[in-house]
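Notes for the structure review
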Amino acid sequence: MRNVYFFGAGKAEGHGGMKELLGGKGAGLAEMTRIGLPVPAGFTITTECCDYYLKHDRKLPGSLRSEVKKNLARLERVTGKQLGDSRDPLLVSIRSGSARSMPGMMETILNLGLNSRSVEGLANNTGNPRFAWDAYRRFVQMYSTVVMGLPKEDLESKLRALKARRKVKIDTELEADDWKQLVQEYKSYFKERAGKPFPEDPAEQLWGAIGAVFESWLAEKAVTYRRVEHITGLLGTAVNVVQMVFGNTGENSGTGVCFTRDPSTGQKSFYGDFLINAQGEDVVAGIRTPMHLVEMARRMPKVYKQLERARKTLERHYRDMQDMEFTVEDGTLYMLQTRTGKRTPAATFRIAVDMVNEGLIKRNDALLRITAEDIERLFYPVIDSSVAPQELSLRRLASGINAGPGAAVGVAVFTAHEAEELAKQGQKVILVRRETSPEDVGGMAVAQGILTATGGKTSHAAVVARGWGKCCIVGCEELDIDYAAKKMTVDGHVIRQGEWITLDGTEGVVYQGEVPLVTPEMPKHYFTILQWADEVRQIGVRANADTAHDARKAREMGAEGVGLCRTEHMFFKDFEQPELSTERQLAIQEMIIADTEPLRRQALDKLRPFQRRDFAGIFREMDGCPVTIRLIDPPLHEFVPHEPEQQKELALKIGVAPEVVARRVEQLYEANPMLGHRGCRLCVTYPEILEMQVGAIIEAAIECKKEGIKVIPEIMHPLILDKKELKFLDVATRRVADEIIQRSGMKLEYLVGTMIELPRAALLADEIAEVAEFFSFGTNDLTQTVMGLSRDDAGRFLPDYLDESKAAILSADPFQTLDQAGVGMLVEWAIKKGRATRKHLEIGICGEHGGDPKSVRFCHDVGMDYVSASAFRIPIARLAAAQAAILSPRKHRAHSHH
Ligand code: PEP
Ligand code: MG
């Protein structure tokens, strides 16, 4: 096994495709070296070593020491310098980097190789003792905190004390001797706390640093970040040992971060931040607010041109927007990192479409690049445009840099810890900090939005927020934050912890109070992408919609029909005429309480016009598209009150004795209602319910047809377990439907089919298909019944099954992502059996899985005709279906059955 990969002098042993093994940074450095960009030389220790180290009681893999020694010698040859040399020493940085970017979560040590001899060498060689001693004290400081775990604050207070003694405000005013003295102070502090002197031997320093970087994989902040980001299955972090280049040698040096396109808008303009005379993490840490690249172009035109060339090379090479780190040392440019840049949702769509139009990528590449999260994030709220501009300007507190999209409302909270506490209690919070650090990720994750007083678009807060698509404003310098008093002051206004503020992350403006938010308009590139998706996908996308309103929304989102209308969802509320809700509710309750058939029919007659109107509304919205309507499904006790008070009230309203209601509710009690008197079993017992519902469906269809609307009704029976059962209901359904059609003198086609929600139905699908004209997999119930997991109770223990630090028995929540191994096996079987009986059996899915990308891929692969999902998941299903078609094309596009 090889543990170390070298890069330098135009050659690299690794390459960009080795992210898992070399981490994103290591792979990027190797690739940039290969394509001829200026990269300092170095080597990468693999993530496998980290895995080994953490699993073997902090022991290093056998050959690692000799490999590192060999590669260090090679680095010394390539650079012509030696670690620890007293004339012209080699210095290295030790940087972490895993396969997935985890901004600032793990450790870095700079200037390694300095000791009391080599610092003199650096001073002589650069002719700049101030610089050399500053570099040394930075190293001692980082080593003490990162490797020895000494408190940062102790070291920083020594620096503050020194500045106070020297009566200076900023670091750059300190002299070489001051830094020299601070190094001595740090070292004696180190000796006192560590019980041994600060290491002089560069090899000892190096191994200490390597161990610390490995160790930082398990640091609390890193673990939290991975949990929040759902990052699993990685080996650990790689360690990059890279020749130091210095951005802090003077006015002709600097360090920066840039993006090949604007990460906020996606516009094809070079975007970046640059700090003159600064080292390493100064930009990312967001402590000083940097200058824009335009300014850099003015101050260092030659270097800027070189950087602009690197931008073009990298984008053409990676065919995606890159996020690069670079350093300028005395007028020479060095590229330190490149990776695919995080971007706002709007930028994601724009960049994908632009790159297709520029010929950089193909349409299919663009489609594969967009994720479900990208789509979800487009729907983040913005400030309601109906809020008067005068009111907004009255509420305006301050403005900063717009770093994360959308708007957010919450109470101001000044520590991450308290943000977490309050969010746990259900409070909406805005985390307000001078700057954020990786320790704050827990609080950032639960906050509605993040506001910082310092930093640019590449600061920690901005990078993390953008990755999460979270509203964020940084560099809001007008804020005067007082952590101790838990308040901030802006232009005379005081905002205390717990007071409401609103952030407009798109514009970068902070408002006082709670400003109303709405869902935004979609950017035009989103429509382009979804249109492309529709052109390539091979299965249909329908909606789970219960009302005309839902159906309209679903059409807007691109649904091609209704895959599931849960009729009982309209029993309790009249969405068109809310004032009639009570009347409906009473009708259904009266029907349930009735203990004779005639009384039940009486009540059902009251409900019928309501249902007819509901169905007609949906048919109108779905003109030309199929509408699958499911007959009543839940157990009846769900519709009647269980409290004596409410039972009395109901009795009064429907004109029966309170005991009648109480008795009937008691009769309806079931020990296990999910497996009880529900689904089609209700219509087996009470055919009059079926008559009412089928009647309402067909009457509505005829009414709409008369208006010239193309109606395609599909009547669906839930929870079927047997062919005979379905046949019984099918006969009843057709008798009612055909009689109404005949009476109307019109022609109307309709389908009668079934849900497949029980294992028995799946197993006997060939028999069931003799009756059913279509199947719709109800994978919510099918998951419940196949896995023996109660949908309503599994939430209590499923987290343990998913937790990586516990058993990790399941890799995903089976109610979100279809369990392909078990439930999927039955689905495949049922499709095969069903189509063996009826070649062109229409097959879809209407469980929640219809809107889950992985499950959509499965549905495509097993030959379903369509998936059905709730309205807001429809764009995600359209995209997922397109991706499935690209990755595993089917011979035929699913055909329409009408
Ligand atoms: C299902 O079981 O998957 C389904 C769609 O029906 P419901 O969720 O209403 O039980
Ligand atoms: Mg169900």
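Residues numbered from 1 in each chain as written. Chains lettered and ligands numbered in written order. Predicted model: local features only at pLDDT ≥ 70, side-chain atom pairs only at ≥ 80, totals over all residues. Heavy atoms only, no water.

Attention now goes to the overall build of the protein chain. Scanning the protein chain for helices and strands turns up 35 helices and 34 strands. Here the contacts in the protein chain between residues at least 6 apart in sequence split such that 69% fall between residues at least 24 apart. Placing the 118 positive and 123 negative side-chain charges of the protein chain at their respective mean positions leaves the two points 5 Å apart. (Helix = DSSP H or I, 4+ residues; strand = E, 2+ residues; numbered from the N terminus. Contact = heavy atoms within 4.5 Å. Lys, Arg positive; Asp, Glu negative; His and termini not counted. Charge placed at Lys NZ, Arg CZ, Asp CG, Glu CD.)

Before going further, it helps to examine unusual backbone geometry. The residue N277 is not glycine, and still its phi comes out positive at about 50 degrees. Within the element layout of this structure, N277 appears in the loop between strand 10 (271-276) and helix 10 (282-285).

Applying the stated criterion to the full structure yields four cavities of 30 Å³ or more. Considered as a void within the structure, the largest cavity measures approximately 100 Å³ in volume. Together, 12 residues line the largest cavity, and S93, R95, Q243, V245 and L336 are the ones closest to its centre. Secondary-structure elements contributing two or more residues to the lining of the largest cavity are strand 6 (92-97) and strand 8 (238-243). For the lining of the largest cavity, the per-class residue count stands at six nonpolar, five polar and one charged. (1 Å grid on protein atoms, 1.4 Å probe; cavity = no way out; pocket = protein on both sides within 12 Å on 5 of 7 lines; lining within 4 Å. Points joined across faces, edges and corners; volume = space filled by probe spheres on them. Nonpolar A, V, L, I, M, F, W, Y, C, P; charged D, E, K, R; others polar.)

Now for the nonpolar core. As a rule of thumb, soluble globular proteins bury nonpolar side chains together. Grouped together as the largest cluster of nonpolar side chains are 99 residues, with contacts concentrated most on F615, F619, I698, F775, F777 and M864. A total of 11 residues in this core trace back to one element, the largest contributor, which is helix 27 (residues 687-706). In this view, F775 contacts T754, I756, A765, I768, A769, A830, G834, L841, E842, I843 and G844; residues no more than four positions away in its chain are not counted. With 86 residues, the next largest nonpolar core counts L122, W179, Y189 and F214 among its residues. (Core = buried A, V, L, I, M, F, W, Y, C linked by side-chain atoms within 4.5 Å. Buried < 20%, exposed > 50% of the residue type's maximum accessible area, 1.4 Å probe, protein only.)

Here we come to the environment of K806. Following the sequence through the fold, K806 ends up in the loop between helix 32 (798-802) and helix 33 (823-837). What makes K806 exposed here is its relative accessible area of 52%.

Moving on, we come to a nonpolar patch on the surface. On the surface, F797, Y801 and I809 cluster together into a nonpolar patch covering about 270 Å² of accessible area. Among the structural elements, Y801 can be located in helix 32. (Patch = residues over 30% accessible without salt bridge, like charges linked within 9 Å, V, L, I, M, F, W, Y side chains within 5 Å. Areas by Shrake-Rupley, 256 points an atom, 1.4 Å probe, with all protein chains shown as cover. Salt bridge = Lys/Arg side-chain N within 4 Å of Asp/Glu carboxyl O.)

Moving on, we get to the packing of helix 22 (residues 581-593) against helix 24 (residues 644-654). The interhelical angle for the contact between helix 22 and helix 24, taken along N-to-C directions, is 95 degrees, at an axis separation of 11 Å. One way to sum up the angle between helix 22 and helix 24 is to call them roughly perpendicular. Across the interface between the two elements, L586, Q589, E590 and I593 of helix 22 pack against L650, K653 and I654 of helix 24. The residue inventory of the contact of helix 22 with helix 24, partitioned by class, reads four nonpolar, one polar and two charged. (Axes fitted to C-alpha atoms, helices over the stretch in contact; angles between N-to-C directions. Parallel < 35°, antiparallel > 145°, perpendicular 65-115°, else oblique.)

Around ligand 1 lies a shell of 14 residues, among which R566, E757, G778, N780 and R791 are the nearest. One of the side-chain N or O atoms of R630 is found 3.0 Å from an oxygen atom in ligand 1. Between ligand 1 and T779 there is a distance of 3.0 Å, counted from an oxygen atom to a backbone nitrogen or oxygen. In isolation ligand 1 has 290 Å² of accessible area, and contact with the protein removes 95% of it. When residues in the shell around ligand 1 are grouped by element, the largest group, three residues, is from helix 31 (residues 779-787). (Near = heavy atom within 4 Å. Polar contact = N/O pair within 3.5 Å; in protein donor to acceptor, adjacent residues only side chain to side chain.)

To continue, consider helix 8 (residues 202-216). Over its 15 residues, helix 8 runs 21 Å from end to end, which matches the ideal 21 Å to within 8%, given 1.5 Å per residue. Counted residue by residue, helix 8 has 11 buried out of 15 residues, so it is predominantly covered. Of the residues making up helix 8, those classed as buried are P202, Q205, L206, W207, A209, I210, G211, A212, V213, F214 and S216. (Expected span 1.5 Å × (residues − 1).)

On to the coordination of the magnesium ion (ligand 2). At this site the magnesium ion (ligand 2) is bound by E757 (OE) and D781 (OD), with donor distances of 1.9 to 2.0 Å. Placement of the pair is E757 in the loop between strand 31 (751-756) and helix 29 (759-763) and D781 in helix 31, with a sequence separation of 24 residues. D781 carries the same exposure label as E757, and that label is buried. (Donors = N, O, S within 2.8 Å, 3.2 Å for Na, K, Ca; no water.)

It is worth spelling out the packing of aromatic side chains at this point. Enumeration according to the criterion identifies 16 aromatic pairs in this entry. Ring geometry for F274 versus F326: centroids 5.7 Å apart, planes at 5 degrees, classification stacked. With F274 in strand 10 and F326 in strand 12 (residues 322-329), this pair connects stretches of sequence that are 52 residues apart. The exposure classification of F274 matches that of F326, with both residues buried. An aromatic cluster is defined as three or more aromatic residues linked by ring pairs; in this entry it consists of F139, Y143, F190 and F198. Positioned above the aromatic ring of Y5 is the side chain of R2, whose terminal nitrogen or guanidinium carbon lies 4.8 Å from the ring centre. Of note, R65 hangs over the ring of W207, and the distance from its end group to the ring centre comes to 4.5 Å. (Phe/Tyr/Trp six-rings, centres within 6.5 Å; stacked < 30°, edge-to-face > 60°. Lys NZ or Arg CZ within 6 Å of the ring centre and 35° of its normal.)

Before going further, it helps to spend a moment on the pattern of salt bridges. Overall, the coordinates contain 65 salt bridges when judged by the stated rule. Between K55 and D51 there is a salt bridge, with its nearest N and O atoms 3.0 Å apart. With K55 and D51 both in helix 2 (residues 47-55) and four residues apart, the pair spans about one turn of that helix. A residue is classified by how much of its surface remains accessible, and K55, at 60% relative accessible area, is exposed.

Strand order in the open sheet made by the six strands is 2-1-3-8-6-7, with antiparallel pairing throughout. Edge positions in the sheet fall to strand 2 (11-12) and strand 7 (108-112), since each has one partner strand and no second. The pairing of strand 6 with strand 8 spans six bridges and is classified as antiparallel. Following the sheet pairing, V92 is matched in strand 8 by Q243. Along the sheet, helix 1 (residues 19-34) contacts strand 1 (4-8), strand 2, strand 3 (42-45), strand 6 and strand 8; its crossing angle with strand 8, the most-contacted strand, is approximately 35 degrees. (Pairing = 2+ DSSP bridges.)

Further remarks concern the sheet that holds strand 21 (residues 480-482). Reading across from one edge, 21-22-23 is the order of the three strands in this open sheet, with antiparallel pairing throughout. The sheet is open, and its two borders are formed by strand 21 and strand 23 (493-496), each paired with just one other strand. If you compare each strand with its neighbour and ignore which way they point, the axes differ by 20 degrees on average. Inspection of the sheet shows strand 22 (residues 487-490) paired to strand 23 by four bridges, in the antiparallel sense. Its bridge partner lying in strand 23, K487 is registered against R496.

With that settled, the discussion passes to helix 23 (residues 597-621). With 25 residues, helix 23 should cover 36 Å at 1.5 Å per step; its first-to-last C-alpha distance of 35 Å lies within 8% of that length. By the largest-angle criterion, L607 marks the main kink of helix 23, which is about 30 degrees, and a proline, P609, follows within four residues. (Bend = angle between axes of the 7 residues up to and from the residue.)

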